[in-house]
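Each chain is listed here by its residues.
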Amino acid sequence: MFNRDRWNEILEALNANRFRTFLTAFGVFWGIFILVLLLALTNGLKNGVQADFGNFATNSIFMWSQGTSMPYKGLPKGRYFNFKLSDVQALKDNIPELKYVSPRNQLGGFRGSNNVTRNEKTGAFDIYGDYPEFINQQPLDIMEGRFLSYSDIEAKRKIAVIGQDVIRSLYDKGEEVIGSYIKINGINFLVVGTFKNANSQGDNEQEANTIYVPFTTFSQAFNRADNVGWMAITAHDDVSITSVKPRIMTMMRELRTVHPDDKRAIGHFDLAEEFAKITGLFNILTVVGYFVGALVLLSGVIGISNIMLIVVKERTKEIGVRRALGASPWNIRSQVLQESLVLTIISGMIGISFASGIIWIMNTILDSVGPVENFANPSVGIGVIIIALSILIISGLLAGLIPATRATQMKPVDALRIE
Amino acid sequence: MIAIKDLHKSYHMGNNSLHVLKGINFEANEGEMIAIMGSSGSGKSTFLNILGMLDEADLGSYHLDNVPIKNLNEKVAARYRNQFLGFIFQSFNLITYKSALDNVSMPLYYQGVKRSVRTEKAMHYLEKVGLADWATHLPSELSGGQKQRVAIARALASDPKVLLADEPTGALDTKTSYEVMELIQGINDEGKTILVVTHEEDIAHMCKRIVHLKDGKILDDKTVEQVRAKTPAHV
Ligand SMILES: Nc1ncnc2c1ncn2[C@@H]1O[C@H](COP(=O)(O)OP(=O)(O)O)[C@@H](O)[C@H]1O
Ligand SMILES: [Mg+2]
């Protein structure tokens, strides 16, 4: 359809009135420019806000015990209880939709008292007893050494994986970290790994102030028996954790002898639900972006259609001549369509390029000034570009349709009579 | 070559209808050069346009080279026009933004001829009309006579069976008119069938046969002694 002759024909025709071609092209350029930019900004906002969630696997809930609010089976109300390690196994065994069930115990906390020492240096850190799969739920960048392993769990090894800020407060510059010992609540732990947080923005400081030790070691060293402080539960990607949640809760109440209606006894935070709210909001914003962009684009398309109509009208005689020379209606129609298509696509591409340029500049500025609240990495994916291009192609065809039909409506003899 | 029987054509405008052709019977053989004469409004162009398949008759039959021309769809009509007919217009009707060469190659373009072949053929016809040196010029850079020569080259480009010229000299001064007619006569000498619509006696007499239209009918149809259009030295 697009051979070289066609190209020449089209370029010649577009070239014949450059200023008008330019003005026409501008409408579409502007439309797609706005569309891409809006989507990129929405994306930037979304990236910024989602960064606040850290990079924890979002299809997760956190669950902890917080005391009963109803008497049940002779047990009083206001009773405090702990999850047990056996509960973790029960969840894994009975709810196949779950991908990870990580029991966790914690020591210390934000602005806690000093609990870790090394030689004469001390610091207050968060100490977690964890299972190896926790790193799949909360991705960490291991810088040196390794994370916890199952043999650590089984052998209850006294080892620790420590965050960057821990290193900063307990070690001198250039000191070897792996293979050294730190004292947690008076107990010696061998450091086997160091980490920093994987590309999260918000709370890295707190996170990097963290020490991970094997769950079993933690229980033994700090006398937790088989108690579980809380759990981080992640469902498989194809099931939503929110839909599995009721079964988890029912099961836990049963195992912990809690009244089936006692909603307060087990606390939880549904990361998936919160995340979905934000995502939903941004989906709406994206739709608004498409809508506004499409409307602006539409006016550009109407512009092209309009100009093509004028062009066709102006060239009525020329079209008559071409038909006298043997141009079929399809020849004429497809040329008008292609002119409009070429005009739309070229101006659209320029719009996309311009928008990309602006986005690139924004990113460069963001990079140089550092993180900005609730805004990060505005960008549009290849998917959006493909959608934008499809919109352009469809618009180009739509814009050309009426003019193309109009071009061949007149009988050749009447077209030739026009002066 | 051309056989027309009892051809009628009316124009309708609102409630009025204008019966322009009222039963034309006409034949043209290969190699003829025929002038169609008549006063303004007598239906000469209407007749030529029907012959050119740019318009359709209401009644009557039309055969071109034994092919019945009836109820053609536009696609077929376009193909026939391209293969059988070459048009020459009073106002040249060159495409303004195309060079002389590209104008001449247009019929070949619609025939789907390859670019290189097209250019070669177009160049050949430009040479034939004596404008090889003007190949790359735009129509706006040419004189009226030159434009009409380009148009003639264009009409010849697809090697049609019949040339249809509607007042080809109508926009030209006498000297240029004669030059153009000389060219057309030369083409006819090579055997091409040509119909020339004109209302000028001298132009008509440069053809070999004159058909007079009046009140929608053929008034008379006679063979004449062809006057050669040698450009008179004193004009
Ligand atoms: N498309 C049209 N609609 C209405 N009337 C027309 C149309 N074309 C031609 N006519 C009329 O038909 C008559 C013949 O026109 P035409 O064939 O152009 O005459 P000529 O070429 O001999 O001057 C004229 O009266 C003209 O006004
Ligand atoms: Mg006329």
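When helices and strands are tallied, chain B shows 7 helices and 10 strands. Counting all 235 residues of chain B, 54% fall into the buried class. A separation of at least 24 residues holds for 69% of the contacts in chain B among residues at least 6 apart in sequence. Total accessible area computed for chain B in this model is approximately 10,400 Å², and 48% of it derives from carbon and sulfur atoms.

With that out of the way, let us pick up the packing of aromatic side chains. Residues and elements named next belong to chain A. For the structure on display, the rule yields 22 aromatic pairs over all chains. Here phenylalanine 195 and tyrosine 212 contribute two aromatic rings whose centre-to-centre distance is 5.5 Å and whose plane-to-plane angle is 55°, an arrangement assigned as tilted. Taken together, the positions of phenylalanine 195 in strand β10 (residues 187-197) and tyrosine 212 in strand β11 (residues 210-214) put the pair 17 residues apart, joining distant regions of the chain. Following the ring pairs from residue to residue traces out a cluster consisting of Phe62, Tyr128, Phe134, Phe147, Phe195, Tyr212 and Trp230.

Residue and element names in this part refer to chain A. Across 5 bridges, the pairing between strand β7 (residues 140-145) and β10 is antiparallel. Residue pairing across strands places glutamate 144 opposite threonine 194, the latter belonging to β10. As defined by bridge partners, strand β8 (residues 159-163) adjoins β10 across 5 bridges and the pair is classed as parallel. Bridging from a neighbouring strand, isoleucine 162 pairs with threonine 194 of β10.

With that settled, the discussion passes to the site of ligand 1. Taken together, 14 residues form the shell around ligand 1, and within it Arg417 of chain A together with Gly41, Lys44, Ser45 and Thr46 of chain B come nearest. Looking at what sits near ligand 1, you find residues from chains A and B. Take tyrosine 11 of chain B: an N or O atom from its side chain is 3.4 Å from a nitrogen atom of ligand 1. Lysine 44 of chain B has a polar backbone atom sitting 2.9 Å from an oxygen atom of ligand 1. Contact with the protein chains hides 72% of the accessible area of ligand 1, taken as 560 Å² for the molecule alone. Sorting the residues of the shell around ligand 1 by element identifies α14 (412-417) of chain A together with β1 (2-13), β2 (16-28) and α1 (44-51) of chain B as the ones contributing at least two each. Counted by class, the shell around ligand 1 contains 4 nonpolar, 7 polar and 3 charged residues.

Residue and element names in this part refer to chain B. Reading across the sheet, the 4 strands line up as β2-β1-β4-β5 and stay open at both edges, with antiparallel pairing between neighbours. Each having just a single partner strand, β2 and β5 (67-68) make up the two edges of the open sheet. Two strands pair when backbone bridges link them, and strand β4 (residues 59-64) and β5 are joined in this way by 2 bridges, in the antiparallel orientation. For leucine 64, the partnering residue across the bridge sits in β5 and is valine 67. In the packing of α1 onto the sheet, contacts are made with β1, β2 and β4, and the angle to β1 comes to roughly 120°.

Residues and elements named next belong to chain B. Read across the open sheet, the 6 strands follow the order β6-β7-β8-β3-β9-β10; overall the sheet is mixed. Where the open sheet ends on each side, the last strands, each with one partner, are β6 (85-88) and β10 (217-223). Within the sheet, the average angular offset between the axes of one strand and its neighbour, ignoring direction, is 15°. Both strand β7 (residues 162-166) and strand β8 (residues 193-197) contribute to a ladder of 5 bridges, which runs parallel. Across the sheet, leucine 163 pairs through a bridge with isoleucine 194, a residue of β8. Along the sheet, helix α2 (residues 74-84) makes contact with β6 and β7, crossing β6 at roughly 80°. Relative to the sheet, helix α5 (residues 144-157) contacts β6 and β7, its axis offset from that of β6 by approximately 170°.

Residue and element names in this part refer to chain B. Grouped together as the largest cluster of nonpolar side chains are 75 residues, with contacts concentrated most on Ile2, Ile4, Phe26, Phe47, Leu51, Leu64 and Leu195. For phenylalanine 47, the contacting residues outside a window of four places in its chain are Ile4, Leu7, Leu21, Ile24, Phe26, Ile36 and Leu213. Counting residues in hydrophobic clusters, the runner-up holds 43 residues, among them Ala35, Ala100, Leu126 and Ile184.

Next up on the list: helix α3 (residues 100-111) of chain B. Residue and element names in this part refer to chain B. Within α3, 10 of the 12 residues are buried, which leaves it mostly tucked inside the rest of the structure. Among the residues making up α3, those that are buried are Ala100, Leu101, Asn103, Val104, Ser105, Met106, Pro107, Leu108, Tyr109 and Tyr110. Positive phi appears at glycine 112, one or two residues downstream of α3, with a value of about 85°.

Residues and elements named next belong to chain A. A one-sided burial pattern is seen for strand β9 (residues 181-184), the buried positions being Ile182 and Ile184 and the unburied ones Tyr181 and Lys183. Pairing between strand β4 (residues 116-118) and β9: 2 bridges, direction antiparallel. When the sheet's bridge partners are listed, valine 116 is paired in β9 with isoleucine 184. Direction of pairing for β9 relative to β10: antiparallel, over a ladder of 4 bridges. If you follow lysine 183 over to β10, its bridge partner there is asparagine 188.

Turning our attention to the pattern of salt bridges. All chains considered together, the criterion is met by 27 salt bridges over all chains. With its nearest N and O atoms 2.9 Å apart, the salt bridge here joins aspartate 270 of chain A to lysine 245 of chain A. Here lysine 245 of chain A lies in helix α9 (residues 241-255) and aspartate 270 of chain A lies in strand β14 (residues 266-270), a separation of 25 residues in the sequence. You'll find aspartate 270 of chain A and lysine 245 of chain A in the same group, each marked buried. The salt bridge involving arginine 209 of chain B is made with glutamate 32 of chain B; its shortest N-O contact spans 2.9 Å.

This next bit is on the confidence of the model for chain A. In the predicted model, chain A carries a mean pLDDT of 86, and 95% of its residues have values of at least 70. Low confidence marks residues 200-204 of chain A, where pLDDT is under 50. Its contacts with residues over four positions away, or in another chain, come to 7 contacts.

Here we come to the interface of chain A and chain B. Tallying the contact residues gives 26 residues for chain A and 25 residues for chain B. Here chain A meets chain B over a buried area of about 2,300 Å², counting both sides, of which 54% is carbon and sulfur. Taken together, the links from chain A to chain B amount to 2 salt bridges. When the shortest N-O distance is used, the salt bridge between lysine 411 of chain A and aspartate 55 of chain B registers 3.0 Å. Summed over the shared surface of chain A and chain B, the result is 9 residue pairs in polar contact (both at pLDDT 80 or more). Of all elements in the fold, only α1 (4-16), α11 (316-324), α12 (329-369) and α14 of chain A reach the threshold of two or more residues within the side of chain A that touches chain B. When the residues that make up the side of chain A that touches chain B are grouped by side-chain class, the tally is 10 nonpolar, 4 polar and 12 charged.

Here the focus is α1 of chain B. Since one α-helical turn is 3.6 residues long, residues separated by three or four positions face the same way. All names here are of chain B. Most of α1 sits inside the fold, with 7 of its 8 residues counted as buried. Of the residues making up α1, those classed as buried are Lys44, Thr46, Phe47, Leu48, Asn49, Ile50 and Leu51. Taken from the residues just after α1, methionine 53 is the one with a positive phi, measuring 60°.

Conventions adopted
Residues numbered from 1 in each chain as written. Chains lettered and ligands numbered in written order. Predicted model: local features only at pLDDT ≥ 70, side-chain atom pairs only at ≥ 80, totals over all residues. Heavy atoms only, no water. Helix = DSSP H or I, 4+ residues; strand = E, 2+ residues; numbered from the N terminus. Buried < 20%, exposed > 50% of the residue type's maximum accessible area, 1.4 Å probe, protein only. Contact = heavy atoms within 4.5 Å. Areas by Shrake-Rupley, 256 points an atom, 1.4 Å probe, with all protein chains shown as cover. Phe/Tyr/Trp six-rings, centres within 6.5 Å; stacked < 30°, edge-to-face > 60°. Pairing = 2+ DSSP bridges. Near = heavy atom within 4 Å. Polar contact = N/O pair within 3.5 Å; in protein donor to acceptor, adjacent residues only side chain to side chain. Nonpolar A, V, L, I, M, F, W, Y, C, P; charged D, E, K, R; others polar. Axes fitted to C-alpha atoms, helices over the stretch in contact; angles between N-to-C directions. Core = buried A, V, L, I, M, F, W, Y, C linked by side-chain atoms within 4.5 Å. Salt bridge = Lys/Arg side-chain N within 4 Å of Asp/Glu carboxyl O. pLDDT = per-residue confidence, 0-100. Buried area = accessible area lost by both parts, 1.4 Å probe.

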